[in-house]
Amino acid sequence: MPRGRPRKIQLARSAILRFFEQQRQRVFSVSELTGLFRKHLQDWGLAVNMTAGEFVDFLLSESKLREISVKPKNHPDASSLTRYAWGEVSPMLVGASLWKGAYLSHGTAVFLHALTDQLPNLIYVNKEQSLKGAGSRTELQQANIDRAFGRKAQRLSRFEFAYDGGRFLRLNGKNTGRLEVGSATLEDGSAVPVTKLERTLIDIVVRPAYAGGIYMVLEAYRRARPNVSIATLLATLKKLDYAYPFHQAIGFYMQRAGYEPQQYERLRSLGLNHDFYLDYDLREREIDPVWRLYFPKGF
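Residues numbered from 1 in each chain as written. Predicted model: local features only at pLDDT ≥ 70, side-chain atom pairs only at ≥ 80, totals over all residues. Heavy atoms only, no water.

Trainee: Give me the nonpolar core: which residues, what numbers.
Mentor: Core analysis: the biggest nonpolar cluster contains 44 residues, and L201, Y221, I250, Y253, M254 and L278 have the highest contact counts within it. Elements represented by at least two residues in this core include exactly α7 (142-150), α8 (197-206), α9 (214-224), α10 (230-240), α11 (246-256), α12 (261-268), β10 (276-277) and β12 (293-296). Apart from the residues within four sequence positions on either side, I250 is in contact with I202, V205, Y221, L233, L237 and L267. Ranked by size, the runner-up nonpolar core spans 25 residues in total, among them V94, A96, A184 and L186. (Core = buried A, V, L, I, M, F, W, Y, C linked by side-chain atoms within 4.5 Å. Buried < 20%, exposed > 50% of the residue type's maximum accessible area, 1.4 Å probe, protein only. Helix = DSSP H or I, 4+ residues; strand = E, 2+ residues; numbered from the N terminus. Contact = heavy atoms within 4.5 Å.)

See the structure below:
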């Protein structure tokens, strides 16, 4: 390495460290660090022939920056991912940084909205699929509902990743344009993208296994009761445009969780045209005749 190079980077060390300390972002990809290096190369007075790799190596040896290797656990086609964290950061921040446009959802969102006291040991990261052309939708038939829910378990993602500080499950969610995605503030003051309350309540009804099961979903509905906006929930559900009548399950949960009749009656007004299911693979079940909804015996 030419003599001038370490002298210049050492002279700029205080300014560089101050810059990173002032950033709200605490987890970076190599391309993001490269972009910052190129943008501020002249501001920091760095040697023009210095490379981004040398810059990252300098930060790793002279600052709080540390490398995180996130590895796939059980998917043969998935590749390891490298991220760089400025000091100690929440695994939730790492998870949200793994894929562009990703956000936290389902059971992780339940925790961030204080709808459970259980700290999640698996962080759910939703990376939406690419937008597909609108296909024609056939009329919903009872036989199709029974086939999809009555005897089949919920299909689960196999895209699990881990590093020494956390475990992540990548969910390839439907394309919604990040509908009703906001942010939550973590204990260290950093912000993380997450589904808003009403979107979360819908998501965990659609995929209850990603929230710890139907008992955890019911508890989430109980805790959300003082803060949920039924108007926002209904508008979000309409935009999500599911083929199946999940509104029947949502209304059922609301009634069980002690919501006011005028709240859950708005779900009933959407129609009760089919028998539906609270969960997948319900072999021993009862039916709520009001909601036309199958649920496990004893629930």
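Trainee: I'd love a proper account of the packing of α9 against α11, names of residues and values included.
Mentor: Taken N-terminus to C-terminus, the directions of α9 and α11 make an angle of 65°; their axes are 9 Å apart at the nearest point. Considering how the two elements wind past one another, α9 and α11 form a crossing that is right-handed. For the pair formed by α9 and α11, the contact residues are I214, V217, L218, Y221 and R222 on the first element and I250, Y253, M254 and R256 on the second. Taken together, the residues of the contact of α9 with α11 break down into seven nonpolar, no polar and two charged. (Axes fitted to C-alpha atoms, helices over the stretch in contact; angles between N-to-C directions. Left-handed = near helix turned anticlockwise from the far one by under 90°. Nonpolar A, V, L, I, M, F, W, Y, C, P; charged D, E, K, R; others polar.)

Trainee: Lay out the side chain of T108 with the relevant residues and their values.
Mentor: Following the sequence through the fold, T108 ends up in helix α6 (residues 106-112). Sequence-distant contacts of T108, defined by excluding residues within four places in its chain, comprise M92, L122, I123 and Y124.

Trainee: Before we move on, can you summarise the pattern of salt bridges with the specific residues and values?
Mentor: Per the stated rule, a full pass over the model turns up twelve salt bridges. Between R66 and E88 there is a salt bridge whose closest N-O contact spans 3.6 Å. Here E88 lies in the loop between β3 (81-86) and α5 (91-96) and R66 lies in strand β2 (residues 65-72), a separation of 22 residues in the sequence. By relative accessible area, R66 is classed as partly exposed at 23%. Note that D117 and R223 form a salt bridge whose closest N and O atoms lie 2.9 Å from each other. You can see D117 sitting in the loop between α6 and β5 (123-126) and its partner R223 sitting in helix α9, a full 106 residues away along the chain. The class for R223 is partly exposed, based on a relative accessible area of 30%. Where salt bridges share partners, they join D117, E219, R222 and R223 into one cluster. (Salt bridge = Lys/Arg side-chain N within 4 Å of Asp/Glu carboxyl O.)

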